[in-house]
Amino acid sequence: VARPAKSPHRDRRISQDEIDRLCLATGYAPDRPLDTAMARVGAALLFAIETAMRAGEIVGLVWSRVDMDRRVARLEMTKNGLAREVPLSPEALRLLRQLAEVPEGDSVFRLSSASLDALFRKARDRALIEGLTFHDSRHEAITRLAARLDVLELARMVGHRDLRMLMVYYNKTASELAAKLD
C-alpha cells in the first residue's frame, strides 16, 4: 500500500481588482465604522495581506496582545505550536485603529473561525471571484513582503522555521521576476 501523492501547492495570488471587489462586497471602507461582521471580514482580509497571519491567528487576536507603540502583535498559539511576535506595518496599524473605534470585548476582529470562513465565501461569491480562499491572502502577503524583507526576516515574521516553506508561499510570476532584471 502506497501513500497518496501530495496534492500540488496552491499558488493563487489576489489581484488588486479582486481586493477592491471584496472590499465592496464586504462593505469595508477605510472611512466607515466596522459595525458589521461582514465589514470586519473585509478588514481581516486586508490585515492578512499586510501581516501574512493565518485566519485562525487573526480571529484569535486579542487587544491585550497588541502593542501599538512597539508595532507588534503577539501570537501565543500558532500552527507550529510556538508563540511569535508579528511586526505591524503602518497599514496594519491603521486597520487596528479602525477596529478599535468599535470596542467590544478583548477580541480584535470579533469573528469566529466559522463566521470568517462563511462570510468570506459569501463575499467572494458576491464579488464573482472564483477559486479564491482566505488562506490565499498568506501567499499574497508573503510574496509582497519578500520584496521588502530578506529571507531570514521574512521567515521570522511569518513563523517559518524551515526556509524551504517560503518557496511554497512565494509566488512571483516569471514576468514579475523578468521586470526586476531591467
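Above: the structure in question.
Attention now moves to the packing of aromatic side chains. Using the criterion set out here, one finds two aromatic pairs in the structure. Centroid distance F47 to F109: 5.4 Å. Interplanar angle 55°. Geometry classified as tilted. You can see F47 sitting in helix α2 (residues 37–51) and its partner F109 sitting in the loop between α4 (90–100) and α5 (113–126), a full 62 residues away along the chain. Here F47 and F109 have matching classes, each one buried.

Time to look at a nonpolar patch on the surface. A surface patch of nonpolar side chains, amounting to about 280 Å² of accessible area, comprises V151, L152 and L163. Within the secondary structure, V151 sits in helix α7 (residues 151–158).

Once that is clear, we can look at the nonpolar core. In this structure, L22, F47, I58, L61, L88, F109 and F134 are the most contacted members of the largest nonpolar core, which totals 51 residues. Among the secondary structure elements, those contributing two or more residues to this core are α1 (16–26), α2, α3 (55–59), β2 (72–75), α4, α5, α6 (136–145) and α7. Sort the elements by how many residues they give to this core and α2 lands first, with 10 residues. Ignoring sequence-local partners within four residues, the contact set of F109 consists of R40, A43, A44, F47, I58 and L99.

Parameters and conventions
Residues numbered from 1 in each chain as written. Predicted model: local features only at pLDDT ≥ 70, side-chain atom pairs only at ≥ 80, totals over all residues. Heavy atoms only, no water. Phe/Tyr/Trp six-rings, centres within 6.5 Å; stacked < 30°, edge-to-face > 60°. Helix = DSSP H or I, 4+ residues; strand = E, 2+ residues; numbered from the N terminus. Buried < 20%, exposed > 50% of the residue type's maximum accessible area, 1.4 Å probe, protein only. Patch = residues over 30% accessible without salt bridge, like charges linked within 9 Å, V, L, I, M, F, W, Y side chains within 5 Å. Areas by Shrake-Rupley, 256 points an atom, 1.4 Å probe, with all protein chains shown as cover. Salt bridge = Lys/Arg side-chain N within 4 Å of Asp/Glu carboxyl O. Core = buried A, V, L, I, M, F, W, Y, C linked by side-chain atoms within 4.5 Å. Contact = heavy atoms within 4.5 Å.

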